[in-house]
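Residue-level structural notes
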Amino acid sequence: MRVPVKLLGFGFWLLSLNCARCQECRREDIKYENTQSVVKASYADGETVKVNCVTGYTGLYKLKCEKGEWKESIERPCTKRKCGHPGDTPHGDFKLMEGKEFVFGATVFYTCKKGYEMASRINQRTCRDQGWDNAVPVCEVVKCPAIRTDGDVTASGNTEEGSYGDAIHFECVSSDKKINGSSDIHCEETGKWSDAVPKCKEITCRAPVISNGYIVEPLPEYQKNAILKYKCNQGFKEREGIPRCAKFGWTLNPECDEVTCELKSTTFGVQNINPKGQNTFRAGESVTITCSEKYWLFFTKETTRSFTCKDNGQWDHMPVCEEITCEDPHDQRVSSPYFWGKQKFGEKQSYSCKSGYRKTAEEATCTRDGWSPKPLCTEITCELKSTTFGVQKISPKWKTIFRAGERVEITCSEKYWFIFTKKDSRSFTCQNNGQWDYEPVCEDITCEDPLDQHVSTPNWGNLKLEAKKKYSCKTGYRKIAEEATCTRDGWTPKPLCTVKCGPPPQINGTDKKMGKNEYNTGERVEYICSDKYTLDPHFSKYLTCEEGEWKGKIKCLKSCIVTVEEMDKRGIQLRWKGKENIISAHDDIIEFACQSSKKADKNLRQKCNDGVMHLPECV
């Protein structure tokens, strides 16, 4: 029984040993990237270990063994160590070969800019554990060798040691020579000059080859200031200027340009161009242009026209459409406005005419043919429409058109007179309105219906001179004659019909001549003032029978009677007569004088006024 007990104890020991081992953590279970291996192969339960990053990386892991498993207490993953900026080099650039960051293992390569070269042996830098290795490379400018010239050539610039980009300019010492080669060279990036140092040679020019032309009297070579004469073929023209041999060749490149004419305006005011879409034309070619409604061709005032390109490169006429305008109508007798200016098609303008002319419209309108109507002002004239019918004489003779203010003398024939005036000879004046002051037409002398003469027979009509007409009178009137006769003064006798007047009236201070008790219309009686009466000169001495009534005014004024006794009583006497009674008519003036040496109290000249005279008195 003792042996089995021992075996059982050994088994417990082995079991406890195995359980202790199952609590350990092993090194191979640590599997972080870019970390160093830990020292021991295994770690007991509760033991801690620190895991470091490999060279070039930064970070840290701190682990603890718990019952056979690693537990993290600190975890900072390992990442590549960073380097700062690698540094710029003057006149150069660098480039990162891989990646996008300056980290451990990154490499940058340096290159120099154009015209510079690498002076350093090493042209790269790498990010190491301690930072960038090597120094920043250096770029130096490329140099070119010194310039040497002979005595004929002068050089300006850095001739001793040129750097990249430097330029050297060469000129000849003599003005009669020119550079044979490049007059300007520059230092290239290879450290060489762009061309060799030139020499000087005599100034000459070679005859050029001229397309579409030829040289007149050509020479193999032309000396300085020589003139090149050349001509161009038909359809081509020489360039302006004279080619002259100079230091840098011909002063003007002798070329022949094709003769062309250009349409400069192809849209403004243009309706159609034929050929369409073509703007440039050779000599001899033509183009037809049609202008839009309110436009016409420059100067020609046409709307459609063909234009031909001439040998000198000019159009035979200007092919340009311009707006239709009307200028001042100075030739149309217009008085105002004085300045119209250029007005466009369709515009209107009010105006007035000069003296002796009249407007033909209220407004002038600008049209393709200028101002309309034409003329704007017409001369004011009057026309003699009838120069033979009933006319005996016209002065001036043969003239039928008269200006305003001019006169014509016309005499009608025997049985004719002028309309309305009923005269057979008179002058007529052409007025400013183009009308005669009276109608200068001779017409037959006629008599119209005698409507105002109490005639009862109707519708006589216009009867000519010397025509006779039987007639009758209205009730209460009687005929003067059996027939009425047409005369220059109308129907005669006058009146044709009449009523009678009774005896003429008695008028104070008159002695009437009583011939009869009845009087016909038109008959008259004469009145004579009685003794010691005077007829008033402002009135007539006749009364006329008119339609049964006496017409007219008669007035007899009293005379003034002054006796000798009355004159003696007042101390006056007649100035030129002796002592006698005086009778003076109305309006007579009597001149008195004072007797002996007395003075008059009023004017001694007194007037008789309808039987009354105020006598003066001498005292």
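Residues numbered from 1 in each chain as written. Predicted model: local features only at pLDDT ≥ 70, side-chain atom pairs only at ≥ 80, totals over all residues. Heavy atoms only, no water.

Examining the side chain of Thr 485
The cut-off we apply is this: By definition, any uninterrupted DSSP run of H or I lasting at least four residues is a helix, any uninterrupted run of E lasting at least two residues is a strand, and each is numbered from the N terminus. When checking whether two residues touch, look at their non-hydrogen atoms; a contact exists if any pair is within 4.5 Å.
Relative to the elements of secondary structure, Thr 485 occurs in strand β54 (residues 483-487). For Thr 485, the residues in contact, after removing those within four places along its chain, are Glu 466, Ala 467, Lys 468, Gly 490, Trp 491 and Thr 492.

Thoughts on the environment of Cys 486
Looking at the secondary structure, you find Cys 486 in strand β54. Separated by 125 residues in the primary sequence, Cys 486 and Ala 361 have C-alpha atoms spaced 48 Å apart.

Observations regarding the sheet that holds strand β6 (residues 92-96)
Strands in a sheet are paired, the pairing made by backbone hydrogen bonds, and the direction either parallel or antiparallel. Selection rule: Two strands pair under a simple rule: DSSP has to find at least two bridges between them.
Taken in spatial order, the four strands make up an open sheet running β6-β7-β9-β10, and their pairing is antiparallel. Every interior strand has two partners, whereas the edge strands, β6 and β10 (131-132), have only one. As paired strands, β6 and strand β7 (residues 107-112) are joined by five bridges and run antiparallel to one another. Residue pairing in the sheet places Leu 96 in a bridge with Val 108 of β7.

Some points on the pattern of salt bridges
Rules: One speaks of a salt bridge when a side-chain nitrogen belonging to Lys or Arg is within 4 Å of a carboxyl oxygen belonging to Asp or Glu. When a residue's accessible area, from a 1.4 Å probe over protein chains only, is under 20% of the maximum for its type it is buried; when over 50% it is exposed; and in between it is partly exposed.
All told, the structure shown has 29 salt bridges when counted by the stated rule. In this structure, the salt-bridge partner of Glu 69 is Lys 71, at a minimum N-O distance of 3.6 Å. Taking the relative accessible area as the measure of exposure, Glu 69 reaches 47% and is therefore partly exposed. Between Glu 258 and Arg 282 there is a salt bridge, with its nearest N and O atoms 2.4 Å apart. Here Arg 282 lies in strand β29 (residues 280-282) and Glu 258 lies in strand β26 (residues 256-258), a separation of 24 residues in the sequence. The class for Arg 282 is partly exposed, based on a relative accessible area of 49%. What you see here is one network of salt bridges that share partners, running through Arg 26, Glu 28 and Asp 29.

Thoughts on the packing of aromatic side chains
For clarity, the threshold we go by: Stacked, tilted and edge-to-face are the three classes applied to pairs of Phe, Tyr and Trp rings, where Trp contributes its six-membered ring and a pair requires centres within 6.5 Å; stacked means planes under 30 degrees apart, edge-to-face means over 60, and tilted covers the rest. Only lysine NZ and arginine CZ atoms are considered, and such an atom sits over a ring when it is within 6 Å of the ring centre and within 35 degrees of the ring normal.
Applying the stated criterion across every chain, the model contains 18 aromatic pairs. Summarising the aromatic geometry, the rings of Tyr 43 and Trp 70 are spaced 5.6 Å apart at their centres and angled 65 degrees between planes, so their arrangement reads as edge-to-face. Taken as a pair, Tyr 43 in strand β2 (residues 42-43) and Trp 70 in strand β5 (residues 69-80) lie far apart in primary sequence, 27 residues in all. Considered together, Tyr 43 and Trp 70 belong to a single accessibility category, that of buried residues. With centroids separated by 5.5 Å and ring planes inclined at 55 degrees, the aromatic side chains of Phe 94 and Tyr 110 adopt a geometry described as tilted. Here Phe 94, found in strand β6, pairs with Tyr 110, found in strand β7; they are 16 residues apart in sequence, far enough to count as distant. An aromatic cluster of at least three residues, connected via ring pairs, comprises Phe 94, Phe 102, Tyr 110 and Trp 132. Taking the ring centre of Tyr 351 as reference, the NZ or CZ of Lys 359 above it sits at 5.4 Å. One residue, Arg 426, lies across the ring of Phe 428, its end atom 5.0 Å from the ring centre.

Function cannot be read off these values alone, since they describe shape.
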